[in-house]
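Residues per chain are reported as follows:
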Amino acid sequence: MQYRRLGRGGPTVSAMGLGCMGMSDFYGPADETESIATIHRALDTGLTFLDTADMYGPYTNEELVGRAIAARRDKAFLASKFGVVRSGDRRARRVDSTPAYAKKACTDSLRRLGVDHLDLYYLHRRNPAVPIEDTVGAMSELVAEGKVRHIGLSEVSADTLRRACATAPIAALQSEYSLWTRGLEREILPAARELGVALVAYSPLGRGLLAGTMAGVDALASDDIRRDQPRFRAENLTANLRLVQRLRALAHHLGCTPAQLALAWLLAQSDSVIPLPGIRRRTHLDENTGALAITLSAEQTRLITDAIPAAAGDRAPDLSRLER
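Residues numbered from 1 in each chain as written. Predicted model: local features only at pLDDT ≥ 70, side-chain atom pairs only at ≥ 80, totals over all residues. Heavy atoms only, no water.

## What about the layout of surface pockets?
Then step 1. The volume enclosed by the largest pocket comes to roughly 1400 Å³.
Then step 2. Looking at the largest pocket, it is lined by 50 residues, and the ones nearest its centre are Met-21, Tyr-27, Arg-207, Ile-225 and Arg-226.
Then step 3. Take the lining of the largest pocket: its biggest share by element is three residues, from helix H9 (residues 282–289).
Then step 4. In terms of residue class, the lining of the largest pocket is built from 23 nonpolar, 13 polar and 14 charged. (1 Å grid on protein atoms, 1.4 Å probe; cavity = no way out; pocket = protein on both sides within 12 Å on 5 of 7 lines; lining within 4 Å. Points joined across faces, edges and corners; volume = space filled by probe spheres on them. Helix = DSSP H or I, 4+ residues; strand = E, 2+ residues; numbered from the N terminus. Nonpolar A, V, L, I, M, F, W, Y, C, P; charged D, E, K, R; others polar.)

So, in structure tokens, the structure goes:
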């Protein structure tokens with residue numbers, strides 16, 4: 001396993017993370033036995049950076065991850081998030097980044113996970129009405145209390161990231177980043193590098209499309225959120241599948257799978273970029289970790305960048321634009 005550092009002087013973690021969200025929510029039925037086996041396989045191979053959130057399920061994903069690591073807590077670098085509050089309506093959400101909610105949410109997450117501390121605690125989404133200094137200040141108090149080891153943010157602007165870093169050390173920024181989602185390269189990624197904040201890249205495989213195995217949405221579960229997302233609709237999907245064909249050809253030339261190449265491209269961007277693919281099966285885990293054995297030259301990386309432009313269609317409507 002390769003390792004990378006979260007923030008300047010921060011902890012080292014596996015160079016790839018394991019996104020656990022799909023084990024409980026959003027992508028149709030999941031197999032809990034296989035999910036737990038996948039987490040165990042990850043820990044066995046040294047992929048120890050596990051990612052969950054209270055809103056996944058809601059709540060059930062933290063409980064699942066807690067069961068999976070109950071006898072192996074010392075092997076896992078455990079990250080969770082707060083800030084997105086879901087109600088009984090599957091699509092209804094609100095954002096609460098108040099200091100009081102940060103502390104309550106942390107206590108609840110620790111209980112569900114069955115642990116006494118989180119290695120990394122993210123603000124999942126920020127309500128612009130709440131000063132980021134107030135939220136990060138409350139998170140710093142959680143660090144002082146020993147409930148949290150390191151602080152992270154998710155989907156914030158470069159300006160908010162700077163303000164947060166002026167308030168307390170920020171170890172990681174989790175944002176969507178992949179071959180065809182590169183908007184943060186303009187301002188956010190340079191700011192993170194300047195500030196010494198690691199970039200944890202979620203949806204590095206374009207919610208599955210860049211894995212190269214999807215022909216359309218017909219085979220997806222009826223409640224799979226991708227059915228409602230712009231990049232999976234009609235002419236957008238047709239255009240995006242053409243891009244996947246290019247990726248498949250490049251991967252064939254290099255002797256790897258499209259998923260491995262997409263992840264290797266991210267790994268080649270910077271030592272401070274950590275891909276976080278969502279994984280539900282051991283076979284996919286084994287395939288994805290194969291990307292760690294691929295070293296792309298600067299020329300190969302440039303050729304791949306030029307061959308795969310931005311995807312057709314907007315990003316998923318997941319509250320990411322609150323900070324835009």
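## Brief notes about the nonpolar core
A general trend in soluble globular proteins is that nonpolar side chains are found buried together.
Then step 1. Counting residues in hydrophobic clusters, the biggest one holds 85 residues, and the most contacted among them are Leu-18, Ile-39, Tyr-121, Leu-153 and Tyr-177.
Then step 2. Sorting elements by how many residues they give to this core places helix H8 (residues 258–267) first, with eight residues.
Then step 3. Apart from the residues lying within four places of it in its own chain, the contact partners of Leu-18 are Met-23, Thr-38, Ile-39, Ala-42, Leu-47, Phe-49, Leu-50, Asp-51, Leu-276, Pro-277 and Ile-279.
Then step 4. Val-13, Phe-49, Ala-172 and Val-200 belong to the second-largest nonpolar core, a separate cluster that totals 14 residues. (Core = buried A, V, L, I, M, F, W, Y, C linked by side-chain atoms within 4.5 Å. Buried < 20%, exposed > 50% of the residue type's maximum accessible area, 1.4 Å probe, protein only. Contact = heavy atoms within 4.5 Å.)

## Focus on empty space enclosed by the protein
Then step 1. Across all of its chains, the model carries two cavities of 30 Å³ or more by this definition.
Then step 2. Counted as a void, the largest cavity has a volume near 70 Å³.
Then step 3. Glu-176, Trp-180, Gly-206, Arg-207, Gln-229, Pro-230, Arg-231, Phe-232, Asp-314, Arg-315 and Ala-316 are the residues that line the largest cavity.
Then step 4. Among the residues making up the lining of the largest cavity, the classes are represented as four nonpolar, two polar and five charged.
Then step 5. Empty space within the second largest cavity amounts to approximately 40 Å³.
Then step 6. For the lining of the second largest cavity, the element with the highest residue contribution is strand S6 (residues 84–86), accounting for three residues.
Then step 7. Along the lines of polarity and charge, the residues of the lining of the second largest cavity split into six nonpolar, no polar and two charged.

## Things to note about the packing of helix H5 (residues 158–167) against helix H6 (residues 188–195)
Then step 1. In the contact formed by H5 and H6, the axes pass within 9 Å of each other and the chain directions differ by 20°. Considered as vectors, H5 and H6 are oriented roughly parallel to each other. Between H5 and H6 lies a crossing whose hand is right-handed. On the side of H5, the interface is formed by Ala-158, Leu-161, Arg-162 and Cys-165, while H6 contributes Ile-188, Ala-191, Ala-192, Glu-194 and Leu-195.
Then step 2. In terms of residue class, the contact of H5 with H6 is built from seven nonpolar, no polar and two charged. (Axes fitted to C-alpha atoms, helices over the stretch in contact; angles between N-to-C directions. Parallel < 35°, antiparallel > 145°, perpendicular 65-115°, else oblique. Left-handed = near helix turned anticlockwise from the far one by under 90°.)

## A look at the state of the cysteines
Then step 1. Under the criterion given, the structure shown has zero disulfides.
Then step 2. Residue Cys-165 stays outside any disulfide, its sulfur separated by 20 Å from that of Cys-106, the closest cysteine. (Disulfide = S-S within 2.5 Å.)

Shape is all these values report; function is a separate question.
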